[in-house]
Every structure is written in C-alpha cells, then in structure tokens.
Amino acid sequence: MFSYYLKLGALSIRRNPILSALMVAAIAVGIGACMTIVNIDYIMSGNPIPHRSDVLYHVQLDNWDPYNAATEPDLPPRQVTYRDGTALLAAQKARRQVLSYKTWRVVQPDDPDQLPFQVQSRSTSADFFPMFDTPFLYGSGWDKAADDNEEHVVVLTREINEQLFGGEDSVGRTLMMNSDPYRITGVLDEWQPTPKFYDINNNSFGQVEEVYFPFSVSISKELRSNGNTNCWKPMTESGWEAFKNSECIWMQFWAELHGEQEKQDYHAFLDAYVESQKELGRFPRPLNNRLNNVMEWMEVEGVVDDDVQVLLGLALLFLIVCLLNTIGLLLAKVMRRSGDISLRRALGASRRAIFSQYIVEAGQIGLAGGLFGVATTWLGLQGIKMLYGEFEAVGRLITMDWVMIFAAICLAIVSALGAALYPTWRACGIHPASQLKTL
Amino acid sequence: MMLSMQNLSKIYRTESVETHALREFSLSVDEGEFVSVSGPSGSGKTTFLNIAGLLEDFTGGVYQLDGQDVTSLGDSERSRLRNQKIGFIFQSFNLIPELDIYDNVDVPLRYRGFAAAERKRRIEHVIDIVGLASRKKHLPSQLSGGQQQRVAIARALAGEPRFLLADEPTGNLDSEMADSVMELLEKINQNGTTIIMVTHEPNLACRAQRNIYVKDGRLDSAEPKLHLAASG
C-alpha cells in the first residue's frame, strides 16, 4: 500500500499545486533558517578529533593571583608558564605530552623571484604530531632527540609546500627561516581541526599554523609568543630570562592519558608538583589543577558562543511558526478533500488507511520541503559568508556536510509529519456518509 | 437473509433539536432480491441506505447483514465488511477526478489487499461488463454522465459484492442513459447480487421485484412490484 499512498500523494500535490507549493515553501524557509544556525552550531561544537578526544587532556595549573581567580568562578589559567610547562615536559609522566605555543617566522624562498614572507608558526615538542594524529603527505615529524639537541628541523603544511616547492616531496630539503636553515622532515596533508582544540586561546576557529619547529629551538632563539600572554604580577626584571622565570602564562600543555587510573595518577603527579612549587613560594592559591579531555575543554571554555545558542532558539521558534502555517494549509487541504476521504471510507478504507495515506502525503511534502530547505540553508550560509566574509574563521563555518544535509531532510520530514498529525486526525474523523451527497 | 433490520431507529441530536430520521424501521431483504426504495425528500431513504451500507451508526434496534449482527462492530471491521460485501452506486457517480477509469475501479480493490495481477483481472473484467474497455485510461471528465455511472457500477462490482446499494443511480442521467443503467443493474441482479435502489421515479421503481415506501422515517408499505404497477 505504501507505493499506492505515494502515488496518491503525488496526485494530490499535482491537484493542488499552489497549496502544496505554499506548504513546501513554509517548510523550506523554516528548515533553511533553522538549519543555517544548527549547521553553524554543529561545526562549532563538533568533536575535532573524535578518535582520540577522550585520551588527550588539557593541563591547567593554578599559579594565579591569590586574591583573584584567573577566570571566575575559581578556574585556573588557560595556559601554563614556561617554568611549569618545561618541568612537566621534562618529567615525561604521561604516555605522551606536548608543550607548544604560537609564534611567527619569516620564510626566505630559494626562488629569487619570490619575496620573503611571514608565516604563522608553532613551536612545539615532538609528540605534537603523533598525539594529535596529524596526517602527513610526505615524511613525518621529528623525534625527541631532535628536541633535546635543538635540531633545526621543520614540518610544513601542504599549502606552504606547494607555494615553495610546487607540491613536490620536499622532505630532506632546506627551508630558510629568519636566515637560519631548517631541514624539512615532513609535509602535512590537509588538516584543520575545528575547533582548533590544541590552542583555543588564540582564535578557536583560526587556521592551523603553516610551519612547525622544535620548542627547544624557539626558546634558544628567544622567540616570544605570537598569541595571548597574561601575567598576574609584574616582572621584577626585564629580559628573556626574567620572562621565562615569570608567572606569565603563554604556553599550552597537553598530556595523553589512557583510562581513569592514568588520569588519577597524572593528577596526583600535578598536585605533588604544585606542592613542591609552593615550598618555593609559588602557587599561592589552594590546589586547583585541572585535567580536561578535548570535549570537556571545549565545554569549559564555551567554544560555542552563547549568541549561537540564542540564535538557535530563535531559529527553532521560526521553524515552529512555519510549521503552524503548514498545519493551517494542510488542514485546508484536508477539508477540501473531505469528499474524497468520505468516498474512500465508503469504499472500504479504514481510518487507519486514511491516516496512512495523508501521513505519507505529508512525508512527501516534508521531503520536498527538506530538499528546498537544503537549498535555503545553503543560501543562508552564503548570506552569513557575505556579511562576515572578512573574518577568516567564519569561512570555515560556512560548510555543509552530508550529515547536515541528511539532518535537514530528516528534520523537514519529521516536522511535516508532526504538522500533519492534527489535520490527518481530522481527516480520519470524516464520516463515510457525510460528503457523498455533495460530491 | 441478506439484510434484516428490526425496530431500527436513528436520531440526530444537536444542542436544541432532536430529529428522528428513522423510527421502528423493520425490513428484511432476501439474497438475490432487487428492492426499490422510494419516498418524499427527507423521509429517511438516504439514512436507511447509509445504515444499510454501514456508512452510519444507528441509535437503536438490531441490524444483521448477511447473518452478522453489525451493532457493535468497530471501525475497521465495518470498513472490511463494506469493502467485501457491499457495493455502492451514487447519484453523482462519485468518481475521483484525478484518477483514470482503471484506477477509479481499483480503489476498493486496493483496500481489499489483492495482489496486482488479481486486481488487474477483476478490473478488466468489470470494465468489459460495463462496456468501457476502450476507455480505461480516460479520466472521468472525458466521459459522459452515463459512462461515468457505468464506471461507478464497475467499481461497485469489482469486489464481487453480494449486496449492491444504489442511491438514485439514474438521477443525473437522461432517460436513455437511465434505461441503459437500469438494464445493467437488472443483469447484475439476475446474476445473484442483491440490490437495494433508492429512486424517486416510479417507472424505475416498478422494475424492481419489490418496492418499499418510506415516510417520516417509517416503512410505509412493502408491496409487491406487480401490485404497485397495477395501482400506478
């Protein structure tokens, strides 16, 4: 019977093209408005590294002002100091650990026709690549020995490799940065975790850095962070050494921990470390160390802006208004077809059969509304892109994957079925004899 | 006994008005009979027909259709009985305008749950009986009134019902077409199908085996056809 109901639905839609088009339009507009915001929320709140997000932990130590929390209510600072970061890195208490910060370098191309240009870069330790499972087009990252020996090695993104080497395998070749030669060990393939979980202090939805080189090298070259640096007490002396020994936070520390036991052990290690620092006169606040896995960290930091949640609520309300209109239109359609319903009931259709017929028709309208809804969602996203196109991060939110397309169509069908319940119930209530004389 | 009604009543109630459409209505129709029902407008003919066809509930009394008491049947069971045992022919044909002839005849068979091959066999057979085999892909709007009523008869016959209810089947037809439809109904009756036909026209009523007269919701007479013809 399903195919029969599909046929009847198609005939009914053709019989009432304007009414049907209005219903499809109401659903499409509602779905478009709703899914535009849902899509942005989905991209913003997605898991950037789903297969490892539960073993990667962001580390926070509370070295902050004894009288004012770094972030209310009583949250430790988002980043760590050089002293603490390097101490945790040296301890090697986790399976893997990475200390990194954002900086910048000037690349000097071999090609004399190309001018030197500035690149966003990340100074990091060797575990960055295996921990964050970065995909490599050529080669790999570097090893711990390269960190320890302050080797001038570098990993490039695919784009920079194309710009400098025409996309060829450049592993083993030399890249000049700030007049220093670096040996290329690897070229990343396409990689853009969204949100950029490993450093959400410096634009959660920003582009990944273009060049990666050892943390030990950047420290020896006294390279400061190109990202956020916060201090709660003034430095008593100036200069690089004073900065390194200050309570300023500017680095991100991540640990790879498998299972609750490893997490507890690492937490105990952090507590012991802080206690030892307290004896040196640091860490004036009560113990307040935090370990958050990737999704917990996104939640704590409120990566998805509250405005998006408000917009989402408004978009859902708009969808409801559109569905109320659809209910009215469906009701009008059903009442216009009361003669047909009455006749079918007389010829043997049960209430259930009439219900099925009109629900299937509503599903068809929902499907059409969903397909047009995908188009209106795309238009909505393009509208946002036009309005906020100058912000690089927004561009990354203006995408629609198959999950969202499927979700839009499903939401449209479910919405249409929901909207059809009352009109269909009314249809089922039409008496078999009520309209036969007036047909 | 195809139809047996004992002291049937039907009351329509609104907040302020109570209308007795049928009062103590008793009637029996044997299998294979052709009964005509006549009476003035508002006398209860259509209410009787609707109740007989399980299209409406009744307020009191007992109704047995083909030996089955239908008083307490639920919606799905009544729908099934309508579909399997009863064929309907309406004054205004009641064809579905966007469906072609074939698909119109197909409607009750769909609800019967027949396989496609069986439906096709039955549809082609009844369309052939009513003489519209060459028009099966036509829409109702492309047919004359007489042809549309023939399609309605084909639709009623497709389920091979034992009981045919016709509500002024010739009311919208000219005399020539009306005669042709009546001949068809007589032929169907001769093949064993019980028919109850509501009509205002005495000359058509006379062609039934029995005529009953309904007045003020009551059965006024149940006279044999020959007596009616003689008195008319």
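Counting from 1, residues in each chain are numbered in the order their sequence is written. Going through the entries in the order they are written, you letter the chains from A and number the ligands from 1. The model is predicted, so local features are restricted to residues of pLDDT at least 70 and side-chain atom pairs to those at 80 or more, both for listing and for counting; the totals for chains, interfaces and linings are taken over all residues.

**A few points about the interface of chain B and chain A**
The criterion, for reference: Note on contacts: residues are paired as contacts if their backbone-placed C-beta atoms lie within 7 Å. Numbering goes from the N terminus for both helices and strands, where a helix is a DSSP run of H or I of at least four residues and a strand is a run of E of at least two. For this classification, Asp, Glu, Lys and Arg are treated as charged, while Ala, Val, Leu, Ile, Met, Phe, Trp, Tyr, Cys and Pro are nonpolar and the rest, including Gly, are polar.
In this complex, chain B contributes 19 residues to the contact, which on the side of chain A involves 19 residues. Those elements giving two or more residues to the side of chain B that touches chain A turn out to be α2 (75-85) and α3 (101-112) of chain B. Each residue belonging to the side of chain B that touches chain A can be placed in one class, and the counts come to seven nonpolar, six polar and six charged.

**A closer look at the confidence of the model for chain B**
Residue and element names in this part refer to chain B. Test applied: Known as pLDDT, the predictor's per-residue confidence is scaled from 0 to 100.
Averaged over all residues, the pLDDT of chain B equals 84, while 95% of them reach at least 70. Highest mean pLDDT in chain B belongs to α3 (91); lowest belongs to helix α8 (residues 225-231) (42). Here residues 224-232 is modelled with pLDDT under 50, and outside its nearest four sequence neighbours on either side it reaches twelve contacts, counting other chains as well. Across the predicted assembly, pTM comes out at 0.65 and ipTM at 0.85.

**Notes on the nonpolar core**
The following threshold applies: To form a nonpolar core, buried Ala, Val, Leu, Ile, Met, Phe, Trp, Tyr and Cys residues must be joined through C-beta atoms within 7 Å. The burial criterion counts other C-beta atoms lying within 10 Å of a residue's C-beta, which is placed from the backbone; the residue is buried at 20 or more, exposed at 12 or fewer, and partly exposed between these limits.
Ranked by size, the top nonpolar core spans 111 residues in total, and within it I27 and I31 of chain A together with A154, L165 and I196 of chain B carry the most contacts. If one sorts the elements of this core by residue count, helix α2 (residues 17-44) of chain A sits on top with 13 residues. Ignoring anything within four residues of it in the chain, the contact list for I27 of chain A reads C322, T326, I365, G366, G369, G373, A412, S415 and A416 of chain A. Of all hydrophobic cores here, the second largest spans 56 residues; its members include L56, W142, V154 and F253 of chain A.

**Side note on helix α12 (residues 338-346) of chain A**
Residues and elements named next belong to chain A. Counted residue by residue, α12 has seven buried out of nine residues, so it is predominantly covered. Among all positions of α12, only D340, I341, S342, L343, R344, R345 and A346 are buried. Once α12 finishes, G348 follows within two positions and takes phi at roughly 120°, a positive value.

**Here's the deal with the sheet that holds strand β1 (residues 3-13) of chain B**
Two strands in a sheet stick together by hydrogen bonds in their backbones, pointing the same way (parallel) or opposite ways (antiparallel). All names here are of chain B. This is how the line gets drawn: Following DSSP output, two strands are said to pair if at least two bridges run between them.
Across the sheet, four strands lie side by side as β2-β1-β4-β5; this open sheet has antiparallel pairing. Lying at the two open borders of the sheet, with one neighbouring strand each, are β2 (18-29) and β5 (68-69). Two strands pair when backbone bridges link them, and β1 and strand β4 (residues 60-65) are joined in this way by five bridges, in the antiparallel orientation. Counted as the bridge partner of M5 is Y63 from β4.

**Description of the packing of α3 of chain B against helix α5 (residues 145-158) of chain B**
All names here are of chain B. Note the cut-off: Geometry is summarised by axes, namely lines fitted to C-alpha atoms with helices restricted to the contacting stretch, and by angles between N-to-C directions that run from 0 to 180 degrees. An angle below 35 degrees is read as roughly parallel, one above 145 as roughly antiparallel, one from 65 to 115 as roughly perpendicular, and any other as oblique. Definitions for this section: a left-handed crossing has its near helix turned counterclockwise from the far helix by less than a right angle. A right-handed crossing has that turn clockwise.
Contact geometry of α3 with α5 gives a least axis separation of 8 Å together with a crossing angle of 30°. Between α3 and α5, the interaxial angle falls into the category roughly parallel. Crossing geometry of α3 relative to α5 is assigned as right-handed. Contact with α3, carried on its side by I101, N104, V105, V107, P108 and L109, involves V151, A154, R155 and A158 of α5 and no other residues of that element. Residue composition of the contact of α3 with α5, by class: eight nonpolar, one polar and one charged.

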